[in-house]
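# Survey of secondary and tertiary structure
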Amino acid sequence: MIEYGLDEIGLLGKRIARSLQPGDVVGLTGSLGAGKTTLARAILAALGLEGEAPSPSFAIVQPYAPPEVTLPVLHVDLYRIEDAAEIDELGLFDDSAHQVLLIEWPERMGQRVPAEMLNLTIDFADEARRRLTATVPPAWEGRWPPQ
Ligand code: ADP
Ligand code: MG
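Structure report, in brief. A quick note: this is a predicted structure, and the numbers were derived from the prediction, not measured. (Residues numbered from 1 in each chain as written. Chains lettered and ligands numbered in written order. Predicted model: local features only at pLDDT ≥ 70, side-chain atom pairs only at ≥ 80, totals over all residues.)

## Details of the overall build of the chain
Secondary structure assignment for the chain yields three helices and seven strands. For the chain, the α and β elements follow one another from N to C terminus as β-α-β-α-β-β-α-β-β-β. Relative to the compact-globule value of 15 Å for 147 residues, the chain shows a C-alpha radius of gyration of 14 Å, a close match. Along the first, second and third principal axes, the C-alpha atoms of the chain reach 40 × 30 × 30 Å. For the chain, the residues scored as buried account for 31% of the 147 residues in total. Once local pairs closer than 6 in sequence are excluded, the contacts in the chain between residues at least 24 apart make up 64%. (Helix = DSSP H or I, 4+ residues; strand = E, 2+ residues; numbered from the N terminus. Rg over C-alpha atoms; globule rule 2.2 N^0.38 Å. Buried ≥ 20, exposed ≤ 12 C-beta atoms within 10 Å, placed from the backbone. Contact = placed C-beta atoms within 7 Å.)

Here it is, written out as structure tokens:
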């Protein structure tokens, strides 16, 4: 469990970004306003993205590629997905070995959630801080908590 405030999110983003490898899938779980997009943006900033990443909720899938980031990333927001079968049409896993997937609302994938997904659940610690609880798959053993 990691507790963090907005003043620490830059460092947390860097620690997570440093741990990422091509092919990783990171799920960001939490209620509306929990801080999923904020954490995804901190990770993208640590990967070199300049300026504010748009929220992907309208596009559903927001791709980032070098040189704007050091690692190709798909930032995905599945909030609007009503039927898990719609996931197949998004082609999220078409280039899965080469890019990182950051997925808000991964529970919308139902059975399609990858077994090797690192799931990060964000809860409210108090008004100003959040709590991060990780579900760590074998692929992430030794990489979580991130250094
Ligand atoms: P979500 O994507 O989960 O709906 P957002 O990332 O849009 O949530 O964040 C909602 C609000 O929570 C924003 O105003 C953001 O600044 C705030 N927030 C995010 N993380 C933290 C944190 N660790 N501490 C305090 N406030 C935070
Ligand atoms: Mg969001």
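The discussion continues.
## A few points about the nonpolar core
One finds I43, L101 and L102 to be the most contacted residues of the largest nonpolar core, which totals 31 residues. At the level of elements, α1 (9-19), β2 (25-29), α2 (36-46), β4 (73-77), β5 (100-104) and β6 (118-126) are the ones that each hand at least two residues to this core. With six residues, the single largest contributor to this core is α2. (Core = buried A, V, L, I, M, F, W, Y, C linked by C-beta atoms within 7 Å.)

## Section: the site of ligand 1
Taken together, 16 residues are adjacent to ligand 1, and G35, K36, T37, T38 and R130 come closest. Broken down by secondary-structure element, the contributors of at least two residues to the shell around ligand 1 are β1 (2-5), α2 and β7 (129-135). Among the elements that take part in the shell around ligand 1, α2 stands out by supplying three residues, more than any other. Counted by class, the shell around ligand 1 contains six nonpolar, six polar and four charged residues. (Near = placed C-beta within 6 Å. Nonpolar A, V, L, I, M, F, W, Y, C, P; charged D, E, K, R; others polar.)

## Brief notes about α1
Among the residues of α1, those classed as buried are G13, I16 and A17. One face of α1 carries all of its buried residues, which in axial projection span an arc of 100°. Exposed side of α1, more than 90 degrees from the buried face: L11 and R18 are the residues found there. On its buried face, α1 is in contact with α2. (Arc of directions from axis to C-beta.)

## Here we look at the pairing of β6
Direction of pairing for β2 relative to β6: parallel, over a ladder of four bridges. In the strand pairing of β6, L28 is matched with L120. Pairing of β6 with β7 involves seven bridges; the strand directions are antiparallel. The residue bridging T121 from the neighbouring strand is T133, located in β7. Count of turn residues in the β6/β7 antiparallel hairpin: two residues. (Pairing = 2+ DSSP bridges.)

## Here's the deal with α2
Within α2, eight of the 11 residues are buried, which leaves the element mostly enclosed by the surrounding structure. For α2, every residue scored as buried is listed here: K36, L39, A40, R41, A42, I43, L44 and A46. In this structure, the buried residues of α2 make contact with α1, β2, β3 (61-64), β4, β5 and β6. In the segment just after α2, G48 is the residue with positive phi, at about 110°.

## What to know about unusual backbone geometry
Residue P67 is reached from P66 by a cis peptide bond, and omega for that bond is 10°. Relative to the helices and strands, P67 is located in the loop between β3 and β4. With omega at 0°, the peptide bond leading from W144 into P145 counts as cis. Within the secondary structure, P145 is located in the segment after β7. Positioned with a positive phi, W105 is a non-glycine residue whose angle comes to about 60°. Tracing the chain through its elements places W105 in the loop between β5 and β6.

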